[in-house]
Amino acid sequence: MSTRPVALVTGANRGIGRAIARRLADTHHVLVGGRDAAAVQSVADALPSAAPFLCDLTDARATEEAAAGVERLDVLVHSAGIARSADVAEATREQWREILEVNVVAVADLTRLLLPQLRAAQGQVVTINSGSGLRSGAGGALYSGSKFALRAFTDALREEERGTVRVSSVHPGRVDTDMQVDLQRQMGRPYVAAEHLRPESVAEAVALAVFASPEAMVEEVSIRPVFRA
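Residues numbered from 1 in each chain as written. Predicted model: local features only at pLDDT ≥ 70, side-chain atom pairs only at ≥ 80, totals over all residues. Heavy atoms only, no water.

Engineer: What's the story with the packing of helix 1 (residues 15-24) against helix 7 (residues 199-210) in this structure? I'm lost.
Structural biologist: Pairs of packed helices are described in terms of their axes, by the angle between the two and the distance that separates them. Direction vectors running N to C along helix 1 and helix 7 enclose 50 degrees, while the axes themselves pass 8 Å from each other. Comparing their axes, helix 7 and helix 1 come out oblique. Note on packing geometry: the crossing formed by helix 1 with helix 7 is right-handed. Two secondary-structure elements touch here, helix 1 through Gly 15, Ile 16, Ala 19, Ile 20, Arg 23 and Leu 24 and helix 7 through Pro 199, Glu 200, Val 202, Ala 203, Glu 204, Val 206, Ala 207 and Val 210. (Axes fitted to C-alpha atoms, helices over the stretch in contact; angles between N-to-C directions. Helix = DSSP H or I, 4+ residues; strand = E, 2+ residues; numbered from the N terminus. Parallel < 35°, antiparallel > 145°, perpendicular 65-115°, else oblique. Left-handed = near helix turned anticlockwise from the far one by under 90°. Contact = heavy atoms within 4.5 Å.)

Engineer: Just to check I follow, could you spell out the pattern of salt bridges for this structure?
Structural biologist: Between side chains of opposite charge, pairing is possible as soon as their charged atoms come close. Evaluated as defined, the whole model comprises 10 salt bridges. Among the salt bridges present, the one from Arg 84 reaches Glu 98, with a minimum N-O distance of 3.1 Å. On the criterion of sequence distance, the pair formed by Arg 84 in the loop between strand 4 (75-78) and helix 4 (93-121) and Glu 98 in helix 4 is long-range, its members being 14 residues apart. The partly exposed category is assigned to Arg 84, whose relative accessible area is 25%. (Salt bridge = Lys/Arg side-chain N within 4 Å of Asp/Glu carboxyl O. Buried < 20%, exposed > 50% of the residue type's maximum accessible area, 1.4 Å probe, protein only.)

Engineer: I would appreciate a short explanation of the pairing of strand 5 (residues 124-128) in the present structure.
Structural biologist: Along any regular strand the residues' side chains alternate between the sheet's two faces. Among the five residues that make up strand 5, five are buried, leaving the element largely enclosed by the rest of the structure. Residue alternation in strand 5 divides its side chains into two sets, Gln 124, Val 126 and Ile 128 and Val 125 and Thr 127, and both sets are buried. What joins strand 4 to strand 5 is helix 4, and the crossover it makes is right-handed. In this structure, strand 5 lies alongside strand 6 (residues 166-172), joined through five bridges in parallel fashion. Bridged to Val 125 within strand 6 is Val 167. (Right-handed = clockwise from strand over helix to strand, strands pointing away. Pairing = 2+ DSSP bridges.)

Have a look at this one:
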């Protein structure tokens, strides 16, 4: 661990986060973020150099305690998130609070707590956003609203830390993950895996940002399936 840069990937026990953890594992000591201890440990055990980062990121005290245990950090990838679908006429206050807490507030708080380590390393923050963070539509107010807010956060952080910490925003289209299966079910759509990106394709977009030469910053990447709806 002492000779490797350190990357923390939240939501790394499944889907996109797990693919990112695996992609960075050849060169980084990976802190595998998640809430399910068994699932997190399983991912960590399969990597050359890794350790669990167990934390419920919606719990402010737990997040502060977990962040305090990170002595060095070169890369912070925010992959944890939830997806919800509802028409504006039906979305409740509780639904709005839940999705904003997970997809925005938790991201902002963890970033704030780890900025000293990232600044010291002249490191990098990567947020896994969505195509829904660039455009919205019927039934998408909850999810798109949270992702538009995440994009605003990422844009502001990039300018505030420019020259010290690189900040990248990755906007995938539909990805073949459990979360996408659930989202399409909520929206009443049939699910066909072949119409979606593989998580590994998103991980490659993250790698493009992480492994860019020091004078370069990949500010924003949009990656979409080839399939035509």
